[in-house]
Amino acid sequence: MCTTLRLNRQETLDIVNAVILGQTSPDADIMLAESDFTEQEADTSGLFPKFDLSTVVKGATPLRQPLLENQHIRNAFVKRYCGVIEQFLQWKKYHENLKSRGF
């Protein structure tokens, strides 16, 4: 999607680190890097090649190792995932409460 939107590699990495790991500071210790996604040099457009993240993790790719073996990245991902689920459950409870009150 980022490539389709013409976001450069750094913008894409910023989004991926925020969405997957919950990291929004460029100074964070646990970050995915360009080399985790591709070994290809950037072309003149500066975009990543198009790829499906779920397919990338399943194959023998540079991204597979940090996602499966780096405990810090795994912990950040789990923390982010659990946080999103918790937010959803709170949102759902809030809206069910409103609905039960006739709103």
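Definitions and cut-offs
- Counting restarts for each chain, with residues numbered from 1 along the sequence as it is written.
- A pLDDT threshold of at least 70 governs which residues receive local features in this predicted model, and a stricter bar of 80 or more applies before side-chain atom pairs are shown or counted, although totals over entire chains, interfaces and linings include all residues.
- Remark: hydrogens and water are excluded; side-chain values derive from all non-hydrogen atoms of the structure.
- Every helix listed is a DSSP run of H or I at least four residues long, and every strand listed is a run of E at least two residues long, numbered separately from the N terminus.
- Here the globule rule is a power law, 2.2 Å times the number of residues to the power 0.38, and the radius of gyration is based on C-alpha atoms.
- Three labels apply to residues, based on accessible area from a 1.4 Å probe with only protein chains included: buried if under 20% of the type maximum, exposed if over 50%, partly exposed otherwise in between.
- Aromatic pairs are defined between Phe, Tyr and Trp rings, using the six-membered ring for Trp, whenever the two ring centres lie within 6.5 Å; interplanar angles under 30 degrees are classed as stacked, those over 60 as edge-to-face, and all others as tilted.
- In this description, a nonpolar core means a group of buried Ala, Val, Leu, Ile, Met, Phe, Trp, Tyr and Cys residues linked to one another through side-chain atoms lying within 4.5 Å.
- By definition in these notes, contact holds between two residues if any of their heavy atoms fall within 4.5 Å.

A few points about the overall build of the protein chain
What the protein chain contains, in helices and strands, is four helices and zero strands. The N-to-C order of helical and strand elements in the protein chain reads α-α-α-α. Radius of gyration (C-alpha) of the protein chain: 17 Å, far over the 13 Å computed for a compact globule of 103 residues. Seen through its C-alpha atoms, the protein chain measures out along the principal axes to roughly 55 × 30 × 30 Å. A buried classification covers 23% of the 103 residues belonging to the protein chain.

Thoughts on the packing of aromatic side chains
Applying the stated criterion across every chain, the model contains two aromatic pairs. For the pair Phe 77 and Tyr 81, a centre-to-centre distance of 6.3 Å together with 20° between the ring planes defines the contact as stacked. Within this pair, Phe 77 and its partner Tyr 81 are both found in helix 4 (residues 71-100), separated by four residues, close to a single helical turn.

Some remarks on the nonpolar core
Leu 13, Val 16, Ile 20, Leu 21, Leu 32, Phe 37, Phe 48, Val 56, Leu 63, Leu 67, Ile 73 and Ala 76 form the largest nonpolar core, which has twelve residues in total. Of all the secondary structure elements, the ones that give two or more residues to this core are helix 1 (9-21) and helix 4. When residues of this core are assigned to their parent elements, the largest contribution, four residues, is made by helix 1. Aside from chain neighbours lying at most four places away, what touches Leu 63 is Leu 32, Asp 36, Phe 37, Leu 53, Val 56 and Val 57.

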